[in-house]
Amino acid sequence: MNSNHQWPTWEVFTQKKQGAAHEHAGSVHAPDAEMALLNARDVYGRRQEGVNIWVIPTNAIIASTPEDVGAFFDPANDKMYRSPNFFKTADGLKTI
Amino acid sequence: MCRKLLSLILAKLIRHLGFMDVKVKTDDLSAKETAFNDSIKDGKVIEPKDWMPEKYRKQLLRMMSQHAHSEVVGMLPEGNWITRAPSLARKAILIAKVQDEAGHGLYIYSAAETLGMDRSEMVDQLLSGKAKYSSIFNYPTLTWADIGAIGWLVDGAAIVNQTVLAKCSYGPYSRAMLRICREENFHNKQGYQILAFLMRGTQEQKEMAQDAMNRWWWPSLMMFGPSDKDSPNSADLLKWKVKLYTNDDLRQRFIDRTVVQAEAIGLKVPDDKLKWNEETRHYDFGEINWEEFFQVINGNGPCNKLRLKQRNDAHSNGQWVREAAKAYSEKRKAN
Amino acid sequence: MMTELNTALIEYCLRIADNSLIHAQRIADWTGHGPILEEDIAMSNVSLDLIGQARGFYTYASQLEGNGKSEDFYAFHRGERDFRNRLMVEQPDLKDFGFTMMKLFFNGCFDYLIFRDLMKSNDETISGLASKSIKEVTYHVRHAGDWVVRLGDGTEESHQRIQKSLNELWPFTNELFEQNEVDELLIHNGAAFNKKELKAEWEAMVNEIITKATLIIPSDSTYFYSGGINGVHSEHLGFLLAEMQYLPRMYPDAIW
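Because the structure is predicted, anything quoted here is derived from the model rather than measured.

Caption draft 1: How the structure looks around the overall build of chain A. In terms of helices and strands, chain A carries 2 helices and 3 strands. The helix and strand sequence of chain A, counted from the amino end, reads β-β-α-β-α. For chain A, buried positions account for 26% of its 96 residues. Here the analysis covers contacts within chain A between residues at least 6 apart in sequence; of these, 43% occur between residues at least 24 apart.

Caption draft 2: Just the overall build of chain B, in detail. Looking only at helices and strands, chain B has 12 helices and 2 strands in total. Order of helices (α) and strands (β) in chain B, N terminus to C terminus: α-α-α-α-α-α-α-α-α-β-β-α-α-α. Taking 335 residues into account, the globule formula puts the C-alpha radius of gyration at 20 Å, and chain B, at 25 Å, lies well above it. On the principal axes, the C-alpha backbone points of chain B span a range of 105 × 70 × 35 Å.

Caption draft 3: Structural context of the pairing of strand β2 (residues 22-29) of chain A. Residues and elements named next belong to chain A. Where strand β1 (residues 9-15) meets β2, 7 bridges bridge the pair, whose relative direction is antiparallel. Across the sheet, W10 pairs through a bridge with V28, a residue of β2. Hairpin connection of β1 to β2: 6 residues between the antiparallel strands, including G19 at a positive phi of 90 degrees.

Caption draft 4: View of the packing of helix α5 (residues 97-118) of chain C against helix α7 (residues 156-169) of chain C. Residues and elements named next belong to chain C. Contact geometry for α5 and α7: axes closest at 9 Å, N-to-C directions at 50 degrees. Overall, the two elements α5 and α7 adopt an arrangement that is oblique. Handedness of the α5/α7 crossing: right-handed. Residue-level inspection shows G98, F99, M102, K103 and F106 of α5 in contact with α7, the latter providing R161, I162, S165, L166 and L169. Of the residues contributing to the contact of α5 with α7, the split by class is 6 nonpolar, 2 polar and 2 charged.

Caption draft 5: The interface of chain A and chain B, seen in detail. Taken together, the contact pairs 15 residues of chain A with 22 residues of chain B. Residue contributions to the side of chain A that touches chain B peak at 3 residues, all from β2(A). Partitioned by chemical class, the residues of the side of chain A that touches chain B number 6 nonpolar, 8 polar and 1 charged.

Caption draft 6: Broad picture of helix α1 (residues 33-44) of chain A. Residue and element names in this part refer to chain A. With 12 residues, α1 should reach 16 Å at 1.5 Å per residue; the first-to-last C-alpha distance of 16 Å fits that figure. Summarising burial for α1: 9 of the 12 residues are buried, a large majority. Taken together, the buried positions of α1 are occupied by M35, A36, L38, N39, A40, R41, D42, V43 and Y44.

Caption draft 7: How the structure looks around the packing of helix α5 (residues 144-165) of chain B against helix α9 (residues 247-265) of chain B. All names here are of chain B. At a minimum axis distance of 10 Å, the contact between α5 and α9 shows a crossing angle of 130 degrees. In terms of their interaxial angle, α5 and α9 are classed as oblique. Considering only the axes of α5 and α9, their crossing is right-handed. For the pair α5 and α9, the contacting residues are L153, G156, A157, V160 and N161 in the first and L250, R253, F254 and T258 in the second. Taken together, the residues of the contact of α5 with α9 break down into 5 nonpolar, 3 polar and 1 charged.

Caption draft 8: Representation of the environment of B:S65. With respect to the helices, strands and loops of the structure, B:S65 is situated in helix α2 (residues 54-79). When near neighbours in sequence (up to four residues on either side) are disregarded, B:S65 contacts B:A112, B:M122, B:Q125 and B:A131.

Caption draft 9: Here's a closer look at the sheet that holds strand β3 (residues 52-57) of chain A. All names here are of chain A. One open sheet holds the 3 strands; their spatial order is β2-β1-β3, and the pairing between them is antiparallel. The outermost strands of the open sheet, each flanked by one partner alone, are β2 and β3. Each neighbouring strand pair of the sheet contributes to a mean axis angle of 25 degrees, computed without reference to strand direction. Packed on one face of the sheet, α1 meets β1, β2 and β3 and runs near 130 degrees to β3.

Caption draft 10: View of the pairing of β1(A). Residues and elements named next belong to chain A. Taken across its 7 residues, β1 has 5 buried, putting it largely inside the fold. Sheet topology places β1 next to β3; 6 bridges connect them, and they run antiparallel. Bridging across to β3, F13 finds its partner in W54.

Caption draft 11: A look at the interface of chain C and chain B. Contacts between chain C and chain B engage 41 residues on the former and 39 residues on the latter. Among the elements of the structure, α1 (4-28), α2 (37-65), α3 (71-76), α6 (124-152), α7 and α10 (236-250) of chain C are those that each provide at least two residues to the side of chain C that touches chain B. A per-element tally of the side of chain C that touches chain B places α2(C) first, with 9 residues. Taken together, the residues of the side of chain C that touches chain B break down into 18 nonpolar, 10 polar and 13 charged.

Caption draft 12: Quick peek at the environment of B:L306. For B:L306, the location among the structural elements is in helix α11 (residues 304-317). Along the chain, B:L306 and B:P140 lie 166 residues apart, while their C-alpha atoms are 9.8 Å from each other.

Caption draft 13: Examining the confidence of the model for chain A more closely. Mean pLDDT over chain A stands at 79; residues scoring 70 or higher make up 65%. Mean pLDDT per element in chain A: helix α2 (residues 69-73) of chain A is the minimum at 66, and β3(A) is the maximum at 94.

Criteria and cut-off values
Residues numbered from 1 in each chain as written. Chains lettered and ligands numbered in written order. Predicted model: local features only at pLDDT ≥ 70, side-chain atom pairs only at ≥ 80, totals over all residues. Helix = DSSP H or I, 4+ residues; strand = E, 2+ residues; numbered from the N terminus. Buried ≥ 20, exposed ≤ 12 C-beta atoms within 10 Å, placed from the backbone. Contact = placed C-beta atoms within 7 Å. Rg over C-alpha atoms; globule rule 2.2 N^0.38 Å. Pairing = 2+ DSSP bridges. Axes fitted to C-alpha atoms, helices over the stretch in contact; angles between N-to-C directions. Parallel < 35°, antiparallel > 145°, perpendicular 65-115°, else oblique. Left-handed = near helix turned anticlockwise from the far one by under 90°. Nonpolar A, V, L, I, M, F, W, Y, C, P; charged D, E, K, R; others polar. Expected span 1.5 Å × (residues − 1). pLDDT = per-residue confidence, 0-100.

Here you go:
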């Protein structure tokens, strides 16, 4: 069976409502970007699951690897003062 | 003479070191595998870029591609009745259900591709008869009541399986399953409702419903697979949290909930050994004809050849379309 | 006592509903047999949209008739000579995806224009139904048009096949713009609009895609099919209805 005419894959990201971030929904096969968008809407948007869709060729995605976990993410570990939760204020002080 | 001795010693040394190197590699692998198994026990979710044992990857790929094939082949017995659905509402609901099945197949193929096999290769395996799909779809849909039976029993059984799979260790599969579970409940309900209407209807409708029940009950029980002692892959799948309960456990769960539903609408379960066991708090049930199951799964069911032919025809009829789309996009790139 | 206006409105609604239903029936036949999974899903969406449109217009027709008939009465208990759909939509696709897309494109372009007009109908229900339907039809035109272009400008084989489909379907396109005294009454009344005035715009929409697709409109058609609004159909409708209607016909007292 001839499979040389496999269409490339596109990763689909949908935005559930105005202001929300796009979330990865899955992928579709399509011969080009226009059809990828239409297919993504049919596959991932048929239950009114979104207001906006992004499609990106799968091989355009660059990802960190599990090995990166240490060097990539840990240096944030000792800088907790970046989070507002770090700061304890007096009890009863509600406005800050 | 001295040189010969030296080279002999050197050769032995090299061989010794080489052997050690191999031994280190093997140790390294089994240490990695142990760490992998432990992390799964700790509830880690495996993602596509994580290291995984080759066996894990292969088992998952087999399981996922078979699941996807089942969804796609499953469109055929129900698709049969779209043009003959007895009301506009039922026609629309059935189209939506079968469409969902296409979508589910797509989500799972999509997740399986993250394990390194193209969808087209998986599809080739299906079309050549190499890959298996759920045996239930090798049975024919003879009447409208069969559509009710499939939604209620077959999707009901699938839900029992899928709710558990949503917690499996492989991230893309569990996420696909979550999406599927959200959509699947309507499938089960619409099937049950079809039969409920039939059982409240004319004498002919009641007989149609009971007849469908008689033909789909046992094959639905077989969907859970043979007892795990007879199932070769179970042990690994349980260890890797790709399977979380035994086939028998899930089958019992399905029977216990479905018998009650049957009784609620007046359908008789075609099993005269079926009996509530007060001690175990489960239903005891009759012997499953595993001979039939193995015949069907190995290609000798009522519709195996037909299903494969229909999928092959769809694929070959669409070849010119897929080629054209590819050619068109290539022309655009060239310009 | 039914007014002339009401009778005309019912007739007008049934034409639209029948068109959508028969078209939906043909497209639904692709479920499980499409060229790729994504397209199975897309075509199911189109079919569901069309069924929704049919149901909307059947329901309004039954309200106008005021005799308690349901949408299912119109779909399942009328015969070949009662259906008011255009002949184009009852033509069988014979597993030719290009034929289906060309048909969807021709019909979709027309439906887009007619719904755009009907949004301004002085009949509130019709304008409401048109507003809802036009969003769906816009998508159908985009999807089908894209396919016509890809197939026309794809491979040598696809080009020939879709050109053949175009040639076969072209003689069914005149019927899109046919109207009779029913339309005239409604046009006069402000509920409907002149279909003939849509022809130039329809041709422009169609030509844009046909040109992009490197296809040619046949110039030698001598016969154009007609008769749907009088219930005079091609032989295909009988077979389609026999399949579609058999269960309710066989069990007339049954509720499903």
